[in-house]
Structure formats: structure tokens, C-alpha cells
Amino acid sequence: MSDSSDQEEIPPHLARYREYKRKQELRKQKKLAQSAPPQEPPPTSPDNTSSTLDNLINHPLTTPFLKLALWVFLLLFFAHHEFGSVFFLVSIPVFVWQSMEEYKRGPRELSAYSVFNKNLEKLDGTFTSEQWERELKYGAAAVRKQD
């Protein structure tokens, strides 16, 4: 028997995040349903080779693998022409730039670094220098969440 008092309460920021993700997923599904034409059911033949090829092409690792293969090929090409180190040094900032573009935050999603948030808003549970100073002066028990 478990009643509601036995269950751990969900922190408000986690509840807001879950609600945000749920709404985002619903919007995605609604958008896909509106824009996608009606689809035919897939063929029921047991040896469907086109679906295997489609699965391979649409696999999430296909694009990174092709990018890596192209990079290795170009590195070998430039190394053969004695420009391998130049290619390698130029490719480092390109990799950094590409990795920074991979993920875009939503309009209400907070950054882990408060300087990038509107009004310098901090995440719940962020350890600040003010909190550390209060703990040093008055002890850890004296520190409470400041709203």
C-alpha cells in the first residue's frame, strides 16, 4: 500500500520542465499530422529490402559516420600533399563551431550559466558565492533559499 504521502514530491522546476517537454511534443505531433500527407501502410512482404535500406539511410549515426569518413579522406589527401597538419589545425575550430550549432535552446529554457539568461536568472539549486559566504560566516544550517 502506498499513499501520496509516501511518494516523493516533484520539485517545481522539474514539473515545469516536464510540462514544457510534453507541450513541445504535442506541438510537434500536431505539426507533423497537419503537414504530412496520408501515408500508405508499408508492404507486408517478409523480405522487404527497401525498408532495410531506408533504415540504414535514416539511421541517426549515418550522417556523423559520413562526415567522419569525409574528414579522414581529406586528412589523408592533405597529408599526402604535405598539408595534413594545416588541415588538422583548421578543422579543430570547424568541429567546435559545428558542435555549438547542434543544440538550440527554447525561448523559456534556461542556460546553466546565469550570465546568458534573461535578468541573470539562476537555475534552482545553483551554488552562489553569496551562499558560500553565508555558510562560512553562519554555518550551513543558517543558509536558506533566498527568493
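Residues numbered from 1 in each chain as written. Predicted model: local features only at pLDDT ≥ 70, side-chain atom pairs only at ≥ 80, totals over all residues. Heavy atoms only, no water.

Enquirer: Explain the overall build of the protein chain to me, please; I cannot follow it from the model alone.
Expert: Assigned secondary structure in the protein chain consists of five helices and zero strands. The linear arrangement of helices and strands in the protein chain, starting from the amino end, is α-α-α-α-α. Split into buried and exposed, the 147 residues of the protein chain put 7% on the buried side. Here the analysis covers contacts within the protein chain between residues at least 6 apart in sequence; of these, 18% occur between residues at least 24 apart. With an accessible surface of roughly 14200 Å², the protein chain has 61% of that area assigned to carbon and sulfur atoms. (Helix = DSSP H or I, 4+ residues; strand = E, 2+ residues; numbered from the N terminus. Buried < 20%, exposed > 50% of the residue type's maximum accessible area, 1.4 Å probe, protein only. Contact = heavy atoms within 4.5 Å. Areas by Shrake-Rupley, 256 points an atom, 1.4 Å probe, with all protein chains shown as cover.)

Enquirer: How do you make sense of the side chain of S91 when you look at a structure like this?
Expert: Among the secondary structure elements, S91 is positioned in helix α4 (residues 84–101). Exposure remark for S91: the relative accessible area of 7% places this residue in the buried category. Separated by 3.2 Å, the side chains of S91 and W71 make a polar contact. A polar atom in the side chain of S91 sits 2.8 Å from the backbone oxygen of F88. (Polar contact = N/O pair within 3.5 Å; in protein donor to acceptor, adjacent residues only side chain to side chain.)

Enquirer: How should the environment of V86 be read in this particular structure?
Expert: Here V86 shows up in helix α4. According to the relative accessible area criterion, V86 is partly exposed, its value standing at 45%. Note: C-alpha distance between V86 and L75 (11 residues apart in sequence) is 9.5 Å.

Enquirer: Help me understand the packing of aromatic side chains in this model?
Expert: Aromatic ring pairs are described here by two measures, namely the spacing of the ring centres and the angle between the planes. Enumeration over the complete set of coordinates arrives at five aromatic pairs. Between W71 and F95, the ring centres sit 5.7 Å apart and the planes meet at 55 degrees, which makes this aromatic pair tilted. With a gap of 24 residues between them, W71 in helix α3 (residues 62–80) and F95 in helix α4 connect regions that are remote in the sequence. Plain terms: the ring middles of F78 and F87 are 5.1 Å apart, the flat faces sit at 15 degrees to each other, and that makes the pair stacked. Residue class for F78 comes out partly exposed when judged on its relative accessible area of 29%. Of the aromatic side chains, those joined through ring pairs into one cluster are W71, F77, F78, F87, F88 and F95. (Phe/Tyr/Trp six-rings, centres within 6.5 Å; stacked < 30°, edge-to-face > 60°.)

Enquirer: When you look at the confidence of the model for the protein chain in this model, what are you seeing that I'm missing?
Expert: Regions with low pLDDT carry predicted coordinates that are not meant to be interpreted in detail. Of all residues in the protein chain, 80% attain a pLDDT of 70 or more, and the chain-wide mean is 79. Confidence, read as mean pLDDT per element, is least for helix α2 (residues 49–57) in the protein chain (71) and greatest for α3 (91). (pLDDT = per-residue confidence, 0-100.)

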